[in-house]
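Residue-level listing of the chains:
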Amino acid sequence: MLEEIDSRVQRLLRQVNRSTLAQLDSTYQVATKSNYNDLVTSIDRQNERTLNQGLREVDPAARILSEEGIGDDEVLNLAGHVWIVDPLDGTLNFVKQHDNFGIMLALYIDGRPTLGYIMDSVNNDLYHGGNHWGVFKNEERLVPPVDTTLRQSLIAVSSALILRNVANLPAVAQAASGLRMYGSAAKEMIGVLTGELGAYVSWLKPWDLAAGRVLAEELGLSVKSIDGDGINVLSSNLVLVATNGVARDILTRTE
Ligand code: IPD
Ligand code: CA
Ligand code: CA
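Residues numbered from 1 in each chain as written. Chains lettered and ligands numbered in written order. Predicted model: local features only at pLDDT ≥ 70, side-chain atom pairs only at ≥ 80, totals over all residues. Heavy atoms only, no water.

Visitor: I'd like to hear about the confidence of the model for the protein chain, residue by residue, with values.
Guide: Note: predicted coordinates in regions of low pLDDT should not be interpreted at a detailed level. On average, residues of the protein chain score 96 in pLDDT, and 99% of them are at 70 or above. Across the protein chain, element-level confidence peaks in strand β8 (residues 135-137) with a mean pLDDT of 99 and bottoms out in strand β2 (residues 39-41) with 93. (pLDDT = per-residue confidence, 0-100. Helix = DSSP H or I, 4+ residues; strand = E, 2+ residues; numbered from the N terminus.)

Below, the structure is given as structure tokens:
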């Protein structure tokens, strides 16, 4: 049954990605949300409608938590099947760069991180897996990244955390091989999954975290909160996703 859900969800995501790319150069509406650099476009909303409608056909009893509020009103627990949806991640990049954005979906079953999907939109690469099946880039199985040290790694930290000097992160970045900021949790999660980055640190909402957490844990990577609380995928978390060695190096510096 999960296999059937999985293949239909992959088809749905590829369809939504095709329609997203087809509209990149079209005229779409852009509005601000919490502040001037927090954007939502008509394509975010259209994607969310299509994804949620598709998920309801594929998995009718599930509840849906989605960023732009077209899902179920209140998802306050993870009982049963819960889909968590980011219909367009990196919207600011989408608008300003026409690049470096993605789409993310995850299925949690009774709280268990079960299936994750991250679409690297412009490259049309779908990272997917979980449920002890492994993690795949399209059809190709990913090998878990080689463990390394902070000193040997590029790391991504969200710009807001560096600018506000949260949790000693500027010093952590100084100790790394280099600091990168892609502006898309989807792209940064992919960076850690493929070993391009040793770590990603950001303040993440449920839809920014849900899929990357499934895929990272499936590869044996570390997914931890760095503010002392455990990970709760239904609320915002200050999250570190990293190889185990880099996670150890970072956590000794953020304490
Ligand atoms: C944002 C991006 C960004 C991250 C923000 C997210 P959105 O997602 O992933 O990199 O730093 O926290 O909100 O709003 O473009 O879906
Ligand atoms: Ca989004
Ligand atoms: Ca997002």
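Visitor: Tell me about the coordination of the calcium ion (ligand 3), and please be specific about residues and values.
Guide: Within the protein, Asp86 (OD), Asp89 (OD) and Asp208 (OD) serve as the donor atoms for the calcium ion (ligand 3), at 2.2 to 2.3 Å. If you look at the calcium ion (ligand 3) and the calcium ion (ligand 2), they sit 3.8 Å from each other and are both ligated by aspartate 86. With aspartate 86 in strand β4 (residues 81-89) and aspartate 208 in helix α7 (residues 206-218), the pair connects residues that are 122 residues apart, well separated along the chain. (Donors = N, O, S within 2.8 Å, 3.2 Å for Na, K, Ca; no water.)

Visitor: Would you mind going over the site of ligand 1 in detail, with residue names and values included?
Guide: In the vicinity of ligand 1, the contacting residues are Glu67, Asp86, Leu88, Asp89, Gly90, Thr91, Gly183, Ser184, Ala185, Ser202, Trp203 and Asp208. Threonine 91 has a polar backbone atom sitting 2.9 Å from an oxygen atom of ligand 1. In the environment of ligand 1, an oxygen atom lies 3.1 Å from a nitrogen or oxygen atom belonging to the backbone of glycine 183. Relative to its unbound accessible area of 370 Å², ligand 1 is 77% covered by the protein chains. Contributing elements (two or more residues each) for the shell around ligand 1: β4 and β12 (199-204). With 3 residues, β4 is the largest single contributor of residues to the shell around ligand 1. Counting only domains with at least three residues in the shell around ligand 1, you end up with domain 1 (2-141) and domain 2 (154-254). (Near = heavy atom within 4 Å. Polar contact = N/O pair within 3.5 Å; in protein donor to acceptor, adjacent residues only side chain to side chain. Areas by Shrake-Rupley, 256 points an atom, 1.4 Å probe, with all protein chains shown as cover. Domains from an automatic or database assignment.)

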